[in-house]
Amino acid sequence: MESKPQKMPKVAKVKNKAPAEIQITAEQLLREAKERDLEILPPPPKQKISDPDELADYQHRKRRAFEDNLRKNRSVISNWLKYAQWEESQKEVQRARSIYERALDVDHRNITLWLKYTEMEMRNRQVNHARNLWDRAVTILPRANQFWYKYSYMEEMVGNIAGARQVFDRWMEWEPDEQAWLTYIKFELRYKEINRARTIYERFVYVHPDVRNWTKFAKARVIYKYALDHIPKDRAQELYKAYTIHEKKYGDRTGIEDVIVSKRKFQYEEEVKANPTNYDAWFDYLRLVESEGNLDSIRETYERAIANVPPTKEKQFWRRYIYLWINYALFEELEAEDEERTRQVYRACLELLPHKHFTFSKIWLLYAQFEIRNKNLTMARKMLGMALGMCPKDKLYRGYIDLEIQLREFDRCRILYEKFLEFGPENCVTWMRFAELETLLGDTDRARAIYELAVNQPRLDMPELLWKAYIDFEVSLGETEKARELYERLLERTLHVKVWMSYAQFELASADESNVELARRVYERANLSLRGANEKEERVLLLEAWREFETQHGDESSLNNVIKKMPRRVKKRQRVQAADGTEEGWEEFFDYIFPEDEATKPNLKLLEMAKAWKKQQQTNDEDKEGEDDDDDSNSSSES
C-alpha cells in the first residue's frame, strides 16, 4: 500500500507585512512586568517591638528564615554574610562568630569572608580575636596580599610596632611583589630605622633584581642627609638645591616635605645668625622645630633663643622677647609634661627681668596659675606677694584678688584691696570693685563706708563713674533720701548738665506721688544754674530733655512754658588770630539766643537803637556840610 503524502498544516497568511507603528521590545516587556509586580506587592509592615517576648519571637523567625536559606544553598556566601551581619546588629557577637566559622567550613578560600570576619572583630575591639584570624588567614592563603596589608596596618594602629615588623618579616619570606617590599621599607623609614631599611633594600634587590629597584636603593637620600648635617651652612646652598631636585625626582610627598623643612631651617639659621635679636624669626624657627617633635632639639633651640637678651633696659624692646620665655614654659608644661623644668623656666625668667626698671605682670600671674594647677597654693601666694613687694602694679593686684575670690578667701581679698588702695588711692575702679565685693557679701554698711572714703579723696581719675556707682548703690537698696542727698552733694562740686538730667530722671523714677513735680523743679534749678554759668550748649541739651519730659508727663501749659524758653540759632562771624597774634581773617560760627536773656536786657537793646540813631544823624550832618561848601564855591566863581 502506498502511503499518502503528509499534508502541511495551513498557516495564516499575513496580508500586511509592514512593521507596526509602535514597536515593543523584550526589555520593555520585562520592565513593565517588574513594575506591575511592585505595584501589586505591598510593602512589608513595620514592626515595633515593645517587650522581650516580642524580640525573642522576632529573632526566632529571622533565624529560621536564614537557616532555611542556608539549607537551600549552602554555597552562596552572601547568605552567610547577611546572617552574620544581622546577628552582629543584634549584639550577638558570639552567634555571629559561630556563623562565620560555619561559613569558613563551606569555603575557606573566600577572601571576602575572611575580611568581613576580621572587620567584625575589629569593630567590636576584639584585637586578639582579630589577630588570631589574621594568622589563620595568612597561613591558609599566604599569597593574598590584602591579608598581609591589613594585618600589618592593624598592628601598627594599635601601637604594636614589633608585632607589625614580625608580620612584614613573615610576609617577606614568601617573596611577594615589589609593592610589598616598598611598603615594608616605608614602614621602617617612618620610625627612623635607616639601618633596617637598608637591610630590607638588600633583600629586595636580591629577590627583584630590576634596574629601577637598584636605582631606588642607590637613592635612599642617606648621603644627602649626612652631607647636610656635616657641611658648613655657608657652603650648603647648592647642596640643598641638589637635594630638592633629587627628592622631587625619586621621593614621595613625605621626602619632599622633609627637604623643604630642612631648607627652611637653614634659612632661619641664617636670619638669626645675622640678627640674633630678630625674635619674629626665632618664633618661626621654633614653630618649625616643634612640628618635628624632637624634645631635645626643641629645648636646645629655646635655650639659644632666650640667650639673646635685649641690649637695653627699655620695656618696649622686651615685649616680644618675653614671649619666648612664655612659650618655653608652656611647651615644658603641656608638651613635655615636665613640672620641674617648667618651674625652672619661670624662675629663670623672673630672675632675669630688671624689676627695678619694669616688670611683666603676665609672667608672675602665669607662674602663680601654674603652681595652683599643680596644687601648690602656698608657693603661688608667696610668688604673688613677692611680686607686689618688688614691683606693685594694678594688674598684679587684680590678678591676686581674682585668685582669692575664686578660692573664697574673702578676708584675704579685703586685705589685698586695702593694700591696693594704699598703692593707688585715685583709682576709682578699685574703690568700686571693693564696694561691690562688700555688697555681694551682704555688708552694706562697709560698702557705704568705702564709697564715702572714695568720694572724699582729693584726687580721682574717673569721679563721675564713682559717684554714679554710689548713687546706684543707694537706689538699689531703696534709700531714696540718701540718693537725693548724694545728688545734692555732687551738684555742690559740679554743675554738669548730665548730672542735672540724671537727677531729674531719678526724681521721675522715684515712688513719690509728686515725682513729676520734683523732676520739674530739678529742670528749673538746672536752667537757672546753667544760665548763670553761661553754658549755652549744655543749656540747649537741658531744654531739649525738659521739653521731652513735659511732652510725656506735663500738660499744655507746662509744655508751652518750656517751648518759650527754647533758643533760636543764629550765624555770627568772629576774627581768627594765629598763635603769634596776627589776624588770619574771619570765621563763621553758630550761637544761641535765649528769649530769657533778651528779656532781662531791655536797656541794652534801647542803647543799641540810640547808637544807631546817632550814627544816622552824623551821616546826615556830614552830607549837609558838603552841600554848603559846594554853594560857596559856586558864588565865588560868579563874582
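This text follows the structure it describes.
To keep things clear, this report deals only with the structure shown in the data block. (Residues numbered from 1 in each chain as written. Predicted model: local features only at pLDDT ≥ 70, side-chain atom pairs only at ≥ 80, totals over all residues. Heavy atoms only, no water.)

**Quick word on the pattern of salt bridges**
A side chain of one charge can pair with a side chain of the opposite charge if their charged atoms are brought near each other.
For step 1, the next point in the chain: All told, the structure shown has 37 salt bridges when counted by the stated rule.
For step 2, the next point in the chain: In this structure, Glu404 and Arg381 form a salt bridge, with 2.9 Å as the shortest nitrogen-oxygen distance. Of this pair, Glu404 sits in helix H22 (residues 394-406) while Arg381 sits in helix H21 (residues 377-390), and the two are 23 residues apart along the sequence.
For step 3, the next point in the chain: The exposure class assigned to Glu404 is buried, which follows from its relative accessible area of 0%.
For step 4, the next point in the chain: Residue Arg381 is classed as buried on the basis of its relative accessible area of 16%.
For step 5, the next point in the chain: Overlapping salt bridges bring together Asp411, Arg414, Glu438, Asp443 and Arg446 as one network. (Salt bridge = Lys/Arg side-chain N within 4 Å of Asp/Glu carboxyl O. Helix = DSSP H or I, 4+ residues; strand = E, 2+ residues; numbered from the N terminus. Buried < 20%, exposed > 50% of the residue type's maximum accessible area, 1.4 Å probe, protein only.)

**What about a nonpolar patch on the surface?**
For step 1, the next point in the chain: On the surface, a nonpolar cluster with roughly 380 Å² of combined accessible area is contributed by Val127, Tyr153, Met157 and Val158.
For step 2, the next point in the chain: Note that Tyr153 resides in helix H7 (residues 145-157).
For step 3, the next point in the chain: By relative accessible area, Tyr153 is classed as exposed at 51%. (Patch = residues over 30% accessible without salt bridge, like charges linked within 9 Å, V, L, I, M, F, W, Y side chains within 5 Å. Areas by Shrake-Rupley, 256 points an atom, 1.4 Å probe, with all protein chains shown as cover.)

**A closer look at the packing of helix H24 (residues 428-440) against helix H25 (residues 444-455)**
For step 1, the next point in the chain: Across the interface, H24 lies against H25 with an axial gap of 8 Å and an inter-helix angle of 170°. As the angle between them shows, H24 and H25 are arranged roughly antiparallel. Both H24 and H25 take part in a crossing whose hand is left-handed. The residues of H25 that touch H24, namely those facing Trp431, Met432, Phe434, Ala435, Glu438 and Thr439, are Arg446, Ala447, Ile450, Tyr451, Leu453 and Ala454.
For step 2, the next point in the chain: For the contact of H24 with H25, a count of residues per class yields nine nonpolar, one polar and two charged. (Axes fitted to C-alpha atoms, helices over the stretch in contact; angles between N-to-C directions. Parallel < 35°, antiparallel > 145°, perpendicular 65-115°, else oblique. Left-handed = near helix turned anticlockwise from the far one by under 90°. Contact = heavy atoms within 4.5 Å. Nonpolar A, V, L, I, M, F, W, Y, C, P; charged D, E, K, R; others polar.)

**Thoughts on the layout of surface pockets**
For step 1, the next point in the chain: The space that makes up the second largest pocket amounts to roughly 510 Å³.
For step 2, the next point in the chain: In terms of lining, the second largest pocket is formed by 22 residues, of which the most central are Glu464, Trp467, Lys468, Leu490 and Val499.
For step 3, the next point in the chain: Secondary-structure elements contributing two or more residues to the lining of the second largest pocket are helix H26 (463-476), helix H27 (480-493) and helix H28 (497-509).
For step 4, the next point in the chain: When residues in the lining of the second largest pocket are grouped by element, the largest group, eight residues, is from H26. (1 Å grid on protein atoms, 1.4 Å probe; cavity = no way out; pocket = protein on both sides within 12 Å on 5 of 7 lines; lining within 4 Å. Points joined across faces, edges and corners; volume = space filled by probe spheres on them.)

**Observations regarding unusual backbone geometry**
For step 1, the next point in the chain: In this model, Lys91 sits at a positive phi of 65°, which is unusual for a non-glycine residue.
For step 2, the next point in the chain: Residue Glu337 is not a glycine yet carries a positive backbone phi of 55°.
For step 3, the next point in the chain: You can see Glu337 is positioned in the loop between helix H18 (321-335) and helix H19 (339-352).
For step 4, the next point in the chain: You can call Glu337 exposed: its relative accessible area is 65%.

**Topic: the packing of aromatic side chains**
For step 1, the next point in the chain: A full pass over the atoms with the stated rule returns 28 aromatic pairs.
For step 2, the next point in the chain: Their ring planes at 55° and their centres at 6.1 Å tell us that Trp134 and Phe147 sit as a pair that is tilted. With Trp134 in helix H6 (residues 127-140) and Phe147 in helix H7, this residue pair connects regions lying 13 residues apart in the sequence.
For step 3, the next point in the chain: On the basis of an interplanar angle of 35° and a centroid distance of 6.5 Å, the ring pair of Tyr184 and Phe187 is categorised as tilted. Of this pair, Tyr184 and Phe187 both sit in helix H9 (residues 178-190), three residues apart, which is roughly one turn of the helix.
For step 4, the next point in the chain: Counting every residue linked through ring pairs, the aromatic cluster contains Trp148, Tyr149, Phe168, Trp171, Tyr184, Phe187 and Tyr191.
For step 5, the next point in the chain: The side chain of Lys315 reaches across the aromatic face of Phe360, ending 4.9 Å from its centre. (Phe/Tyr/Trp six-rings, centres within 6.5 Å; stacked < 30°, edge-to-face > 60°. Lys NZ or Arg CZ within 6 Å of the ring centre and 35° of its normal.)

**A few points about the environment of Arg109**
For step 1, the next point in the chain: One can find Arg109 in the loop between helix H4 (93-106) and helix H5 (111-123).
For step 2, the next point in the chain: Separated by 35 residues in sequence, Arg109 and Ala144 place their C-alpha atoms 10.0 Å apart.

**Quick notes on the nonpolar core**
Across soluble globular proteins, you tend to see nonpolar side chains buried next to one another.
For step 1, the next point in the chain: Formed by 96 residues in total, the largest nonpolar core has its most connected members in Leu324 and Leu466.
For step 2, the next point in the chain: Setting aside residues up to four positions removed in sequence, Leu466 forms contacts with Cys428, Trp431, Met432, Tyr451, Ala454, Val455 and Leu460.
For step 3, the next point in the chain: Counting 46 residues, the second largest nonpolar core, distinct from the first, contains Leu70, Trp80, Trp114 and Leu133. (Core = buried A, V, L, I, M, F, W, Y, C linked by side-chain atoms within 4.5 Å.)

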